[in-house]
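# Tertiary structure, described
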Amino acid sequence: MIRIDHDKKKQVTIKFVYSGKEFENADWHGLPNAFDASFLQSFPLFGHGDDKVLLVGLGKYQLFERNMSKEALAKGVKELRDFGFTEFNVDLLPLLKKCGLNCLWDVVEGITLGLYTPKSYKNEEKEITCEVSLQGIEPKDLLQAEQCLQHAQSLADSVILARDLVNAPANKLTPEKMADAIADAGKIDGLSVQVFNEDEITQFGMQAYLTVAASSANPPRLIVMRYMGDSQSEEITALVGKGVTCDTGGYCLKGSSTMLGIKGDMAGGAAVAGTLRALAKNKVKANVVGIIPSCENRISPDSFIPGDVISSMSGKTIEVVNTDAEGRLLLADAVTYAVKQEKATRVCDVATLTGAVVGALGFTTAGALTNDEQVWQQFKQAFQTSGEKYWRLPIFDEHRKMIESRIADVKNIGESYCGTITAAAFIEAFAEQRPWIHLDIAGTAWVDKPVFQYQSVGATGAAVTTMYFLLDRTEL
Ligand code: BES
Ligand code: ZN
Ligand code: ZN
């Protein structure tokens, strides 16, 4: 629990220090020479009676940016928890001085995500909860700070919702259970969650999606979340997230070494659920529909096989060349559904779509591809605010040619190269010329070795905060 609280004395206080002159002039007792307050360097000063302090370095004042607060906070709270403390004061003055009140977004995210531990299935595991008091906010700013804290907490909790869904093992989170979990988390004023079963999906004509779903005995669920927060606007943004709760590759079976990550193939869907939840909680002025086609990609007597030609909701025929390129099949239908059924005026789809994006950009930067300059500019502002990293890749006509099929309207893979681009080109073909942006989070949704302090092994909750700020423009 995070509170703004000046008086409450906690077990220990986190104090942030900039390196350079300011640090050298301060009178800290008992510090070793090696501590110079460089970014994320920390030092415990616990030997002074009741006044226990953990120093956390911020690096040079001039180089410090608001987003860096996230890591600084995560570092501090994690370290104190490891020391066995459960109550901390945090002196925010140095951060407020450089970044203003808006740093509360990052402070709250850093604390919440830093203290996050994935759900454990061990028989005996104690949950540790921590109390955090934020200090250093001026009385005149209290009202604004309280509101910012509340909004930031809803957003951070929504990142955690996404992480929890992605971390859940595939046998505990079938499409049906994913729909139940999202319906449960979506019980918020102004947000509606509708879940369609296989028969209803059939009535929509979503044949490409159903083809993948038929590979498993666990039936699919199409999860639709609607939040209409701006009655004056005709704009409806669709957030479409891949919800493959288990991707074995199907008949183009994955190798055993790449199997372990297959439960996380619904990270795009989880991100959409998290974003819709935060938008509704914070009553953001925007109209948004979240669409999550959820199913499994397995092997069964009914499975599709390479060489099959299938149809789709749009009417376009698709040659299946590789059954492991399943995500784009469900996304194609979900994008058609967004435009035709939900009357979306622009579309953002998000998916753990290609191994190629990991090869190109690694584990900290996701791929973004779009057909619209204005959407790109807005998206850029959004990820500058969230602190996530995206890199734009192009789609040229020669890339579109790569997915032309001899026997159908399109085929589901291109040649051996630029797999992230051809995957995006495939989905673009179903966007009906609407402003559209595609996020490939295959590299950023999951970390085996955490890179940032606010990450833990497993799901990262990628894309929630950026999609949130794409729609909540008041904080930019
Ligand atoms: N879900 C995978 C992509 C993926 C790969 C996610 C690695 C996370 C980590 C997707 O369905 C897939 O298997 N894509 C194939 C496409 C290929 C067959 C054209 C890939 O990228 O290897
Ligand atoms: Zn696959
Ligand atoms: Zn997949």
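Up top you'll find the structure we're talking about.
What comes next is a walk through the structure. This one's a predicted model, so the numbers in the text were calculated from it and none came from an experiment.

## A few points about the overall build of the protein chain
Secondary structure summary: the protein chain contains 15 helices and 20 strands in total. Here the C-alpha atoms of the protein chain give a radius of gyration of 23 Å, agreeing with the 23 Å that 2.2 N^0.38 yields for 476 residues. Across the 476 residues in the protein chain, those meeting the buried criterion constitute 58%. Counting only contacts in the protein chain whose residues sit at least 6 apart along the sequence, the fraction spanning at least 24 positions is 77%. A total of about 20,500 Å² of accessible surface is found on the protein chain, and carbon and sulfur atoms cover 49% of it. Positive and negative charge centroids in the protein chain, built from 48 and 60 side chains respectively, lie 2 Å apart.

## Notes on the coordination of the zinc ion (ligand 3)
Summarising the metal site, the zinc ion (ligand 3) is bound by the protein donors K242 (NZ), D247 (OD), D265 (OD) and E326 (OE), whose distances to it range over 1.9 to 2.4 Å. Geometry at the zinc ion (ligand 3) is octahedral, judged from its 6 donor atoms and the angles of 77 to 175° they form at the metal. When the donor residues of the zinc ion (ligand 3) are listed from N- to C-terminus, their spacing reads K-x4-D-x17-D-x60-E. A gap of 3.2 Å separates the zinc ion (ligand 3) and the zinc ion (ligand 2), which D247 links by coordinating each metal. Taken together, the residues K242 in the loop between β9 (237-241) and β10 (243-247) and D265 in the loop between β10 and α9 (267-281) connect sequence positions 23 residues apart. For D265, a relative accessible area of 7% corresponds to the buried category.

## Describing the coordination of the zinc ion (ligand 2)
Distances from the zinc ion (ligand 2) to its protein donors, namely D247 (OD), D324 (O), D324 (OD) and E326 (OE), fall within the range 2.0 to 2.2 Å. One can describe the donor arrangement at the zinc ion (ligand 2) as irregular, given that its 6 donor atoms subtend angles of 70 to 167° at the metal. Linear spacing of the donor residues for the zinc ion (ligand 2) on their chain is D-x76-D-x1-E. Accessibility expressed as a relative area gives 24% for D324, which makes it partly exposed.

## Focus: the pairing of strand β14 (residues 346-351)
The element β14 is largely enclosed, with a buried count of 6 among its 6 residues. Neither face of β14 is exposed, since R346, C348 and V350 on one face and V347, D349 and A351 on the opposite face are all buried. Bridging between β9 and β14 involves 5 bridges; their strand directions are parallel. By the bridge assignment for β14, V240 is matched with D349. In terms of strand pairing, β14 meets strand β18 (residues 436-440) through 5 bridges, oriented parallel.

## Re the site of ligand 1
Taken together, 14 residues form the shell around ligand 1, and within it K254, D265, D324, E326 and G355 come nearest. Contact between ligand 1 and D247: an oxygen atom at 2.9 Å from a side-chain N or O atom of the residue. Within the side chain of E326, an N or O atom sits 2.8 Å from an oxygen atom of ligand 1. Expressed as a share of its isolated accessible area of 510 Å², the protein-covered part of ligand 1 is 69%. The class makeup of the residues in the shell around ligand 1 is 3 nonpolar, 4 polar and 7 charged.

## Focus on the packing of helix α12 (residues 373-386) against helix α15 (residues 464-471)
Relative orientation of the contacting elements α12 and α15 amounts to 125°, with a least axis distance of 8 Å. One way to sum up the angle between α12 and α15 is to call them oblique. Of the two possible hands of crossing, α12 and α15 adopt the one that is right-handed. Of the residues in α15, those touching α12 at Q378, F379, A382, F383, T385 and S386 are T465, T466, F469 and L470. Classifying every residue of the contact of α12 with α15 gives 5 nonpolar, 5 polar and no charged.

## What to know about the sheet that holds strand β12 (residues 309-310)
Strand order in the open sheet formed by 3 strands is β12-β13-β17, and the pairing between neighbours is mixed. Edge positions in the open sheet fall to β12 and β17 (410-411), since each of these has one partner strand only. Bridging between β12 and strand β13 (residues 318-319) involves 2 bridges; their strand directions are antiparallel. In the sheet register, V309 faces β13, and the bridge partner there is E319.

## Here we look at helix α14 (residues 419-428)
Within α14, 9 of the 10 residues are buried, which leaves it mostly tucked inside the rest of the structure. Of the residues making up α14, those classed as buried are T420, I421, T422, A423, A424, A425, F426, I427 and E428.

## Side note on the pattern of salt bridges
Evaluation of the coordinates by the stated rule reveals 18 salt bridges. Here K75 makes a salt bridge to E79, at a shortest N to O gap of 3.7 Å. One end of the pair is K75 and the other is E79, both in helix α2 (residues 68-83) and 4 residues apart, which spans about a single turn. Accessibility expressed as a relative area gives 19% for E79, which makes it buried. With a shortest N-O distance of 3.0 Å, K242 and D265 are connected by a salt bridge. Because the salt bridges share partners, they merge into one network encompassing K242, D265 and E326.

## Regarding unusual backbone geometry
Of note, C418 is a non-glycine position whose phi angle comes to about 40°, a positive value. Within the secondary structure, C418 sits in the loop between β17 and α14.

Calculation rules
Residues numbered from 1 in each chain as written. Chains lettered and ligands numbered in written order. Predicted model: local features only at pLDDT ≥ 70, side-chain atom pairs only at ≥ 80, totals over all residues. Heavy atoms only, no water. Helix = DSSP H or I, 4+ residues; strand = E, 2+ residues; numbered from the N terminus. Rg over C-alpha atoms; globule rule 2.2 N^0.38 Å. Buried < 20%, exposed > 50% of the residue type's maximum accessible area, 1.4 Å probe, protein only. Contact = heavy atoms within 4.5 Å. Areas by Shrake-Rupley, 256 points an atom, 1.4 Å probe, with all protein chains shown as cover. Lys, Arg positive; Asp, Glu negative; His and termini not counted. Charge placed at Lys NZ, Arg CZ, Asp CG, Glu CD. Donors = N, O, S within 2.8 Å, 3.2 Å for Na, K, Ca; no water. Tetrahedral: all angles 85-135°; square planar, octahedral: opposite > 155°, others 65-115°. Pairing = 2+ DSSP bridges. Near = heavy atom within 4 Å. Polar contact = N/O pair within 3.5 Å; in protein donor to acceptor, adjacent residues only side chain to side chain. Nonpolar A, V, L, I, M, F, W, Y, C, P; charged D, E, K, R; others polar. Axes fitted to C-alpha atoms, helices over the stretch in contact; angles between N-to-C directions. Parallel < 35°, antiparallel > 145°, perpendicular 65-115°, else oblique. Left-handed = near helix turned anticlockwise from the far one by under 90°. Salt bridge = Lys/Arg side-chain N within 4 Å of Asp/Glu carboxyl O.

The analysis is restricted to geometry; functional conclusions fall outside its scope.
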